[in-house]
Amino acid sequence: MDPYAFLLDDEPRPLGEAAPPIYQTSLFAFDTVEELEKAMETHAAPYYSRVDNPTVRQFEEKIARLEHAEDALAFASGMGAIAAALLALLRPGDRVVAAGPLYAGAYHLLKRLAAWGIETTFLDARDLEGIQAALPGAKLLYLEAPTSYTFAVPPVLRLAEAARAAGALSLIDATYTAGILANPRAQGVDLVLHSASKFFSGHSDTVAGVVAGDRALLDRIRPYRTLLGAKLGPFEAWLLVRGLRTLPLRLARHGETASQLADYLERHPAVRRVYFPRPGKYLRGPGSLFGVELADEKAARAFANALKHFKKGVSWGGHESLALPLAAQPRVREAYGFPGGLVRLHAGLEDAGALLKDLEHALEILT
Ligand code: PLP
């Protein structure tokens, strides 16, 4: 049986439509005051799209299923989801343990939360002992697997267990695995968060975020989504439901191509190191995103500029291949002390042979 058949299915289809309709409406109007009152009190019917919208709901239900969670909440961006979750779960005096390197936005937000009396202990995700020692007294363990920029795969099961034993909640940014390459919920993680701008969209046309988990936890986050005005719009949700139809296919192709490129780069004399997370205990398959370390910043810039198929851009997870020298993001680089020669590559859906040639050609100029 296809475990992802539900990504293709959009019941009900009263007219036999192949794609679902969009509820592109800001409000839902009622005939009587009492009906409106009931909707606002019970949330049994949608009444305002900043609070609830059927098209957004369709996206949320698919993500909840994909991540083996009771439910999901969709946001206007991955950062919207991260911000609402942190504000909902933390109070002044609380401490977070962050197992990184984390995506720069999450890192900077956690740093800024110090002004609200919320402190973060930043550790390397592979430092299991250090994390275990830091957890007692902490409110939240914030994880990424693989980590951003270094693509290390931490022992998620053991980290989630350690958080639980210390009485802390665990939250993972699982954007990389997209509900296909791993299931953090099965490893005991409480909340699974995604930038849906990446693989869930897959077409580089949507900015969105989502968090999945038990209803009791999501009910604590939901009011922050409403009051911050951070909810996803219906059109973006519709695009995401469209994107999800091809998610398993796209991930297989991204992973196949990225593996070929990483194998090639690992053998090249101009390459110091390749940071490619290989499938293993946690990852069921390869992803699209990895790092390649060249001699220095000058080499990284020259290499990225010589690439033709790999465009230079932030974000990732779309159809187009991308190269991003970390030197172009000095604040991230300095925060984590990354080497100047590090370049992040996203293998897109283009022909793998053409991408390989592009790398060959760009590396020729360095040797
Ligand atoms: N998490 C990861 C791992 C990311 O790479 C990004 C964006 O690049 C985000 C979160 C933030 O998501 P968004 O850009 O949708 O706010």
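What counts and how
Residues numbered from 1 in each chain as written. Predicted model: local features only at pLDDT ≥ 70, side-chain atom pairs only at ≥ 80, totals over all residues. Domains from an automatic or database assignment. Contact = placed C-beta atoms within 7 Å. Helix = DSSP H or I, 4+ residues; strand = E, 2+ residues; numbered from the N terminus. Nonpolar A, V, L, I, M, F, W, Y, C, P; charged D, E, K, R; others polar. Axes fitted to C-alpha atoms, helices over the stretch in contact; angles between N-to-C directions. Parallel < 35°, antiparallel > 145°, perpendicular 65-115°, else oblique. Left-handed = near helix turned anticlockwise from the far one by under 90°. Buried ≥ 20, exposed ≤ 12 C-beta atoms within 10 Å, placed from the backbone. Pairing = 2+ DSSP bridges. Expected span 1.5 Å × (residues − 1). Bend = angle between axes of the 7 residues up to and from the residue.

A. The domain arrangement of the chain, seen in detail. What the domain assignment lists for the chain is domain 1 (5–244) and domain 2 (247–364). In this structure, domain 1 and domain 2 have C-alpha centres spaced 27 Å apart. The interface is formed by 27 residues belonging to domain 1 together with 30 residues belonging to domain 2. Looking at the side of domain 1 that touches domain 2, the elements that each hand over two or more residues are α4 (104–112) and α8 (234–244). Class assignment for the residues of the side of domain 1 that touches domain 2 results in 18 nonpolar, 8 polar and 1 charged.

B. Region of the structure containing the packing of helix α9 (residues 247–267) against helix α12 (residues 352–364). The geometry of α9 relative to α12 is characterised by a closest axis approach of 10 Å and an angle of 30° between their N-to-C directions. In this view, α9 runs roughly parallel relative to α12, as classed from their interaxial angle. Read as a crossing pair, α9 and α12 show a hand that is right-handed. Where α9 abuts α12, its residues Thr-257, Gln-260, Leu-261, Tyr-264 and Leu-265 lie against Ala-352, Leu-355, Leu-356 and Leu-359. In terms of residue class, the contact of α9 with α12 is made up of 7 nonpolar, 2 polar and no charged.

C. Highlighting the pairing of strand β11 (residues 322–325). Covered by surrounding structure in β11 are Leu-322 and Leu-324 together with Ala-323 and Pro-325, the residues of both alternating faces. Here 2 bridges tie strand β10 (residues 311–312) to β11, and the two strands are oriented parallel to one another. Looking across to β11, one finds that Lys-311 is bridged to Leu-322. By the bridge criterion, 4 bridges tie β11 to strand β12 (residues 342–346) in an arrangement that is antiparallel. Bridge assignment links Leu-324 to a residue of β12, and that residue is Arg-344.

D. Molecular detail of helix α7 (residues 215–228). Along its 14 residues, α7 runs 20 Å from first to last C-alpha, staying within 8% of the 20 Å computed at 1.5 Å per residue. Within α7, the axis deviates most sharply at Ile-221, by approximately 30°, and proline Pro-223 lies no more than four positions further along. Among the residues of α7, those classed as buried are Leu-217, Leu-218, Ile-221 and Arg-225. Buried residues along α7 sit against β1 (71–75), α3 (78–89), β6 (191–195) and β7 (209–213). At the C-terminal side of α7, Gly-229 shows a positive phi close to 70°.

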